[in-house]
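Breakdown of the fold
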Amino acid sequence: MVRIVDNDSDYDEGSSLPMSQQEEWSDVVPIPQDDGKNPVCPISYTDEYREMTDYFRAVMAAGEVSQRAFELSGRVIDANAAHYTAWVYRKKLILDLGLDISEELSWVSEISGRHIKNYQLWHHRGALLALLLDPKSLEHESQDQRVQNPAIRNELQFVGEVIDNDSKNFHAWSHRQLVVRSYGIWDQEMAYVETQINQDVRNNSAWNQRYFVLTANQSADEFVLSEEVADREIGYAVEKIKLAPNNESPWSYVIGLLARHAPAMLYERLLPKINELAADKDYAVAVTSTPFYWSALVDIYEKQAKALSVDERGGVEAFAEEACDSLAEKYDPIRAKYWEYRKQALRTAN
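The chain carries the name Protein farnesyltransferase/geranylgeranyltransferase type-1 subunit alpha in an unreviewed UniProt entry, which gives Coemansia pectinata as its organism. UniProt, in its Sequence similarities (unreviewed entry) section for the chain, records the words "Belongs to the protein prenyltransferase subunit alpha family."

Here's what the structure looks like:
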């Protein structure tokens, strides 16, 4: 049974009195947590948190829909943001009470500094955004118009500030992907990604976001990588490699992109470019001294060998094996066993 309580009085969220001594909660019988008769490893909660959750448990058991229940959920969450049930009940109360979604987003922003890497917080935020702005309502608007929508603009600003403080916050990047995918603002996101990479070429999260935007989150079967786009991305990656040859991000990005969506372009388009870079007197030493160059050669030659008949593979496989030897002996000896395995795999590949 759902119990709807009409609270005319304001609930004092900051009261220093125990809840058992507050008139506001005198009608509620708290429900203690049941850990069983002989708990193996009981958690040592503070008295305040234990009492708070006992009352919250009673509120949920009664199905109470009230402002005090809503505010209590906020206290529980701020004390323990991993309390999944409190987040679920809070969302239910928002809907049942018809509360302002924008205000709830503001509240999430306020507490996020204390719980910035909590999954439930980001999940709740995504659910709120969907309630606030239905993607279908923007179907006939251009990307420029969509990105100017206050809800989208505010969300991008919030998550952008989080990323500025921690450029590799996985939850923030995942949430940003949710916003971009839900509202179809791909073009603007590519500009943002380039800004992030320009600020820190080693930001692998930004490189991952570039792949996400470029493929528009499509599978390998759906996404078609045109020659024009492939050449652009190869050129972009090579320019970033020049800035920091021993930075794995652009190497992984371009190898992964081509290997998944256009394998032939690895040896037809990328190989000449990196060999040219390796022969350039300004970059030769730096490029050929990094394990990522040699690893790229292994991946490229391996793909090329698989595209040839068995009789034609010999020379290409030999190049790949030489690269494996260079890695095992000089450029990546800590993973020598792995490169020996890759070398053996080349010889036994069909």
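Resuming the write-up.
**Considering the overall build of the chain**
Across its full length, the chain carries 17 helices and 2 strands. Relative to its length of 350 residues, the chain is extended, with a C-alpha radius of gyration of 28 Å against a globular reference of 20 Å. In terms of its C-alpha atoms, the chain occupies a principal-axis envelope of roughly 85 × 55 × 35 Å. Buried positions account for 46% of the 350 residues belonging to the chain. Entry remark: accessible area of the chain is about 18,800 Å², with carbon and sulfur atoms responsible for 49%.

**Concerning the domain arrangement of the chain**
Once the domains are mapped, the chain shows domain 1 (19–194) and domain 2 (228–348). For domain 1 and domain 2, the distance between their C-alpha centroids amounts to 45 Å.

**As for helix 7 (residues 150–165)**
For helix 7, built from 16 residues, the straight-helix expectation of 22 Å at 1.5 Å per residue is met to within 8% by its first-to-last C-alpha distance of 23 Å. For helix 7, the complete set of buried residues consists of A151, I152, E155, L156, F158, V159, G160, V162 and I163. On its buried face, helix 7 is in contact with helix 4 (101–112), helix 5 (119–132), helix 6 (143–147), helix 8 (170–183) and helix 9 (186–199). Where helix 7 begins, one side-chain oxygen reaches toward the backbone nitrogen of A151, 3.0 Å away; that side chain belongs to N149.

**Some details on the pattern of salt bridges**
Scanning the model with the defined rule gives 22 salt bridges in all. Two residues, E239 and K242, come together in a salt bridge whose shortest N-O distance is 3.1 Å. One end of the pair, E239, and the other, K242, are both in helix 11 (residues 227–243), 3 residues apart, so they sit about a helical turn from each other. You can call E239 partly exposed: its relative accessible area is 43%. Here K242 falls in the partly exposed class, since its relative accessible area comes to 27%.

**A few points about the packing of helix 8 against helix 10 (residues 204–214)**
It is at 11 Å that the axes of helix 8 and helix 10 come closest, and there the two elements cross at 20°. Accordingly, the angle class assigned to the pair helix 8 and helix 10 is roughly parallel. The interaxial crossing formed by helix 8 with helix 10 has right-handed handedness. Residues W173, R176, Q177, V180 and R181 of helix 8 touch helix 10, and the partners they reach there are S205, A206, N208, Q209 and F212. In terms of residue class, the contact of helix 8 with helix 10 is built from 4 nonpolar, 4 polar and 2 charged.

**Focus on the packing of aromatic side chains**
A full pass over the atoms with the stated rule returns 14 aromatic pairs. Centre to centre, the rings of W25 and Y55 are 6.1 Å apart; their planes meet at 70°, and the pair counts as edge-to-face. Linking W25 in the loop between strand 1 (3–4) and helix 1 (47–62) with Y55 in helix 1, this pair joins segments that are 30 residues apart in sequence. R125 extends its terminal NZ or CZ atom over the ring of F158, reaching a point 3.7 Å from the ring centre. Positioned above the aromatic ring of Y192, the side-chain terminus of R176 is 3.5 Å from the ring centre.

**Observations regarding unusual backbone geometry**
The backbone phi angle of A216 is positive, close to 50°, even though this residue is not glycine. When you line up the elements, A216 lands in the loop between helix 10 and helix 11.

**Focus: the packing of helix 10 against helix 12 (residues 248–261)**
Each pair of packed helices gets described by two things: the angle between the helix axes and the distance between those axes. At their nearest, the axes of helix 10 and helix 12 sit 9 Å apart, and the two run at 25° to each other. Here helix 10 is positioned roughly parallel relative to helix 12, judged by the angle of their axes. When the axes of helix 10 and helix 12 are compared, the crossing they make is right-handed. Within the contact between the two elements, helix 10 uses N204, W207, R210, Y211 and L214 and helix 12 uses S249, P250, Y253, L257, R260 and H261. The residue makeup of the contact of helix 10 with helix 12, split by class, is 6 nonpolar, 3 polar and 2 charged.

Parameters and conventions
Residues numbered from 1 in each chain as written. Predicted model: local features only at pLDDT ≥ 70, side-chain atom pairs only at ≥ 80, totals over all residues. Heavy atoms only, no water. UniProt positions renumbered as here; feature names shortened; annotations may be inferred. Helix = DSSP H or I, 4+ residues; strand = E, 2+ residues; numbered from the N terminus. Rg over C-alpha atoms; globule rule 2.2 N^0.38 Å. Buried < 20%, exposed > 50% of the residue type's maximum accessible area, 1.4 Å probe, protein only. Areas by Shrake-Rupley, 256 points an atom, 1.4 Å probe, with all protein chains shown as cover. Domains from an automatic or database assignment. Expected span 1.5 Å × (residues − 1). Contact = heavy atoms within 4.5 Å. Polar contact = N/O pair within 3.5 Å; in protein donor to acceptor, adjacent residues only side chain to side chain. Salt bridge = Lys/Arg side-chain N within 4 Å of Asp/Glu carboxyl O. Axes fitted to C-alpha atoms, helices over the stretch in contact; angles between N-to-C directions. Parallel < 35°, antiparallel > 145°, perpendicular 65-115°, else oblique. Left-handed = near helix turned anticlockwise from the far one by under 90°. Nonpolar A, V, L, I, M, F, W, Y, C, P; charged D, E, K, R; others polar. Phe/Tyr/Trp six-rings, centres within 6.5 Å; stacked < 30°, edge-to-face > 60°. Lys NZ or Arg CZ within 6 Å of the ring centre and 35° of its normal.

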